[in-house]
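# Fold and contact review
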Amino acid sequence: MAKKRRKYLFRFHAEKPTLENVHNFYFTSDPKAVGYIRWDMFAFMLLQASPFRNVLLAEKTKGLFLGSLIQRSAQSVTVCCDEVKNIKRFPIVEQLNINK
């Protein structure tokens, strides 16, 4: 019975979607989605882009950098997309529960 429990019972716990948790999930499941960027290098890049600077961002990491800059910024952030529908290209922003 113990062997069957281990095989068929699945236990999990829900965690708050922090930037590190979301990054680790994507990096372990699909590293191409986050551009093969490890957490330590990502943290270093965030350190260089402080919230007091103007940042021009062109990304292909499903919104990882965009979500992190919005989350870190105490001021308002202006995001420009070529179409309103293209905000769906950034699922990480939605997963971090950032208000539009």
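Residues numbered from 1 in each chain as written. Predicted model: local features only at pLDDT ≥ 70, side-chain atom pairs only at ≥ 80, totals over all residues. Heavy atoms only, no water.

What follows is about the nonpolar core. In summary, soluble globular proteins display a tendency toward joint burial of nonpolar side chains. Residues Leu19, Tyr26, Phe42, Leu64, Ile92 and Leu96 are the most contacted members of the largest nonpolar core, which totals 18 residues. Only helix H2 (19-29), helix H3 (39-48), helix H4 (64-72) and helix H5 (91-95) provide two or more residues apiece to this core. When residues in this core are grouped by element, the largest group, four residues, is from H4. (Core = buried A, V, L, I, M, F, W, Y, C linked by side-chain atoms within 4.5 Å. Buried < 20%, exposed > 50% of the residue type's maximum accessible area, 1.4 Å probe, protein only. Helix = DSSP H or I, 4+ residues; strand = E, 2+ residues; numbered from the N terminus.)

For the structure on display, the rule yields three aromatic pairs. Ring geometry for Phe25 versus Tyr26: centroids 5.4 Å apart, planes at 75 degrees, classification edge-to-face. An aromatic cluster is present here, built from Trp39, Phe42 and Phe65 joined pairwise through their rings. (Phe/Tyr/Trp six-rings, centres within 6.5 Å; stacked < 30°, edge-to-face > 60°.)

On average, residues of the protein chain score 78 in pLDDT, and 77% of them reach the 70 mark or higher. Confidence, read as mean pLDDT per element, is least for H5 in the protein chain (77) and greatest for H2 (89). (pLDDT = per-residue confidence, 0-100.)

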